[in-house]
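# Analysis of the macromolecular model
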Amino acid sequence: MCTTCGCSAPDQVAYTDPRTGAHSHGDGHIHTHGDPHGHLHFPDHHHDHAADGCGRTIALEQDILAKNQLAAERNRGWLAGREVLAINLMSSPGAGKTSILERTIRDRQVAAPIHVLEGDQATANDAERIRSAGAPVLQINTGTGCHLDADMVSRGLRQLDPGRGSMVLIENVGNLVCPALFDLGERARVVIMSVTEGEDKPIKYPHMFHACELMLINKIDLLPYVRFDVERCIAYARQANSDLRVLRVSAETGEGMDAWYAWLLGHFSVAKSRENARRRNGTGTLDPSGQAAPSGA
Amino acid sequence: MHELSIADAVVAACAERASGSRVIRVRLEIGALAAVAADAVRFCFDVCARETPVEGAELEIVEIPGRAVCRDCEGTVALSMPLGRCACGSSNLRIVAGEELRVKEMELA
């Protein structure tokens with residue numbers, strides 16, 4: 001186990017309901033640190049290479065993140081079956097993820113019940129803020145872990161139990177590096193920047209901006225007081241992702257938040273109409289890539 | 001430091017398929033655009049492999065260079081990060097190689 005920052009063993013991950021203070025720890029099924037119950041079997045490609053000499057070589061041809069990917073697809077199916085829209089929000093610490101969520105909940109412009117999964121290494125402070133804003137929330141403390149993974153979200157979703165037709169906003173651990181790599185089963189990924197950060201963050205951390213479909217530039221009410229070139233920031237971000245959508249918002253004043261709500265609702269109606277179509281046709285699952293463009297905004 | 005999760009997944013995948021045998025070599029493919037530092041994986045691998053059938057195995061990492069195709073002129077662009085510009089000036093690129101993150105094979109004793 002890495003003592004500086006590395007990701008936790010499952011029993012270090014804690015799930016806290018801020019209403020009751022009740023918390024639980026991941027049991028052996030949550031993650032796969034040599035977990036003997038991790039019954040995931042892959043197509044058996046193995047064959048011997050006689051020419052290799054003494055050892056027996058087995059071809060695995062397996063994605064390293066296959067287990068996370070499988071858990072993410074399971075989450076996606078679970079969410080689709082309930083017509084629940086899940087969005088993964090990522091940023092560096094302090095960009096304003098929680099403030100944006102609080103404002104989104106308080107403004108009540110999104111016509112669906114909002115639930116929140118809060119990811120932090122420690123404390124239930126953010127979950128408290130979300131609860132005060134009026135939304136059901138579950139805090140996931142990752143311990144030393146630097147990102148949420150699909151198993152944590154799976155367990156979190158089941159505890160949070162979002163009703164049919166609701167929305168789950170997942171606030172990932174504040175980190176512009178690791179969370180980019182882990183599919184949680186969300187429909188869309190959003191990266192949040194704030195004008196108090198360097199405008200070149202998109203090219204310093206290009207993987208994150210490459211992995212997201214929307215960038216929110218937050219704290220625009222502070223633009224008169226800081227040296228931040230919005231256009232340059234957007235140009236940098238589009239170097240990493242030419243399809244990236246950008247919205248300028250202030251969670252403090254509410255400026256620009258309507259466009260964010262319209263974007264969320266656009267995705268929401270896509271999620272609903274797809275599930276309805278699936279039910280009518282009685283066919284397979286939703287497109288797991290979740291690539292459909294929302295109609296709103 | 002997600003490399004610990006990566007190394008852990010590699011060890012788990014190999015141990016599961018080793019059927020009780022000892023693993024002496026593991027070969028990975030890591031793309032230059034996969035956001036994974038090979039050295040960090042190497043460091044974590046030994047830690048994660050402790051007390052598993054993978055303990056002591058040699059880790060071989062094949063790094064795959066990043067490559068994109070320009071959506072505007074169809075030209076090929078070499079990338080070391082998931083951003084760049086084609087010779088034609090466009091940054092509208094489609095990554096075609098370098099995002100690999102695979103356990104290719106392992107050798108059993």
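Our subject is the structure listed above.
What counts, and where the lines are drawn
- Residues numbered from 1 in each chain as written.
- Chains lettered and ligands numbered in written order.
- Predicted model: local features only at pLDDT ≥ 70, side-chain atom pairs only at ≥ 80, totals over all residues.
- Helix = DSSP H or I, 4+ residues; strand = E, 2+ residues; numbered from the N terminus.
- Rg over C-alpha atoms; globule rule 2.2 N^0.38 Å.
- Buried ≥ 20, exposed ≤ 12 C-beta atoms within 10 Å, placed from the backbone.
- Contact = placed C-beta atoms within 7 Å.
- Pairing = 2+ DSSP bridges.
- Nonpolar A, V, L, I, M, F, W, Y, C, P; charged D, E, K, R; others polar.
- Arc of directions from axis to C-beta.
- Axes fitted to C-alpha atoms, helices over the stretch in contact; angles between N-to-C directions.
- Right-handed = clockwise from strand over helix to strand, strands pointing away.
- Core = buried A, V, L, I, M, F, W, Y, C linked by C-beta atoms within 7 Å.

### What to know about the overall build of chain B
In terms of regular secondary structure, chain B is built from 2 helices and 6 strands. Taken against the 2.2 N^0.38 rule, which gives 13 Å for 109 residues, the C-alpha radius of gyration of chain B at 17 Å runs more than 25% over that of a compact globule. In chain B, which comprises 109 residues, the proportion classed as buried is 45%. Taking as baseline every contact in chain B between residues at least 6 positions apart, the subset at least 24 positions apart corresponds to 70%.

### Some details on the overall build of chain A
Helix and strand counts for chain A come out as 8 helices and 10 strands. Residues counted as buried form 48% of the 297 residues belonging to chain A. Long-range contacts, defined here as pairs at least 24 residues apart, represent 73% of the contacts in chain A between residues at least 6 apart.

### Regarding the pairing of strand β4 (residues 76-79) of chain B
Residue and element names in this part refer to chain B. Residues Val77 and Leu79 line the buried face of β4, whereas the alternating positions Thr76 and Ala78 sit on a face that is not buried. Judged from the 4 bridges that link them, strand β3 (residues 66-70) and β4 form a sheet pairing that is antiparallel. In the sheet register, Val69 faces β4, and the bridge partner there is Thr76.

### Some details on the interface of chain A and chain B
Each partner contributes residues to the interface: chain A has 37 residues there, and chain B has 32 residues. Contributing elements (two or more residues each) for the side of chain A that touches chain B: β3 (56-63), α6 (206-211) and α7 (230-240) of chain A. Here the element with the most residues in the side of chain A that touches chain B is β3(A); it accounts for 8 residues. A per-class count over the side of chain A that touches chain B returns 16 nonpolar, 15 polar and 6 charged. Bridge count for β3(A) against strand β6 (residues 101-108) of chain B is 6 bridges, and the pairing is antiparallel. In the strand pairing of β6(B), A:Arg56 is matched with B:Leu108.

### Quick word on helix α3 (residues 125-133) of chain A
Residue and element names in this part refer to chain A. Listed in full, the buried residues belonging to α3 are Asp126, Ala127 and Ile130. Looking straight down α3, one finds its buried side chains confined to an arc of 100°; they lie on one side. In the core, the buried residues of α3 are packed alongside β1 (14-16), α2 (97-107), β5 (114-120), β6 (137-141) and β7 (167-171). Looking one or two residues beyond α3, the residue adopting positive phi is Gly134, at roughly 110°.

### A word on unusual backbone geometry
In most cases, non-glycine residues show a negative phi, while peptide bonds are predominantly trans. All names here are of chain A. Phi at Arg108 is positive, roughly 55°, even though this residue is not glycine. You can see Arg108 is positioned in the loop between α2 and β5. Under the C-beta neighbour-count criterion, Arg108 is labelled exposed, with 10 such atoms within 10 Å. Here Asp161, not a glycine, exhibits a phi torsion of approximately 50°, which is positive.

### Considering the sheet that holds strand β2 (residues 23-25) of chain A
All names here are of chain A. Taken in spatial order, the 9 strands of this open sheet run β2-β1-β6-β5-β7-β4-β8-β9-β10, and their pairing is mixed. Bordering the open sheet on either side are β2 and β10 (245-248), each of which pairs with just one other strand. Strand-to-strand twist in this sheet, taken as the mean axis angle between neighbours without regard to direction, amounts to 20°. Here β1 runs beside β2; their pairing, made up of 3 bridges, is antiparallel. Paired with Ala14 across the strands is His25, a residue of β2. Along the sheet face, α2 touches β4 (85-91), β5, β7, β8 (188-194) and β9 (214-218) and points at about 160° away from the line of β7.

### Overview of the pairing of strand β1 (residues 23-31) of chain B
Residues and elements named next belong to chain B. As judged from the 7 bridges shared by β1 and β6, these two strands associate in the antiparallel manner. Across the sheet, Glu29 pairs through a bridge with Arg102, a residue of β6. Both β1 and strand β2 (residues 58-64) contribute to a ladder of 7 bridges, which runs parallel. Residue pairing in the sheet places Gly31 in a bridge with Ile64 of β2. At this point the chain moves from β1, through helix α2 (residues 38-49), to the parallel β2, and the crossover so formed is right-handed.

### Concerning the nonpolar core
Looking at soluble globular proteins, one finds that nonpolar side chains tend to be buried together. With 111 residues, the main nonpolar core has A:Ile170 and B:Val10 as its most contacted residues. Sequence-distant contacts of B:Val10, that is, excluding residues within four places in its chain, are made with A:Ile64, B:Val26, B:Leu28, B:Phe45 and B:Val103.

### Comments concerning the sheet that holds strand β5 (residues 93-97) of chain B
Residues and elements named next belong to chain B. Strand order in the open sheet formed by 3 strands is β4-β3-β5, and the pairing between neighbours is antiparallel. If you trace the sheet from one side to the other, it starts and ends with β4 and β5, each paired once. Across the sheet, the axes of successive neighbouring strands diverge by a mean angle of 35°, strand direction being ignored. In this sheet, β5 lies alongside β3 in antiparallel orientation, the contact comprising 4 bridges. Within β5, the residue paired with Arg67 across the bridge is Ala97.

### Describing the environment of A:Ser91
Residues and elements named next belong to chain A. In this structure, Ser91 sits in strand β4. According to the C-beta neighbour criterion, Ser91 is buried, with 27 such atoms within 10 Å. Distance in space between the C-alpha atoms of Ser91 and Asn68 is 21 Å, their sequence separation being 23 residues. Discounting chain neighbours no more than four positions away, the residues touching Ser91 are Lys97, Gly174, Leu176, Val191, Ile192 and Met193.

The values are spatial; any link to function lies outside them.
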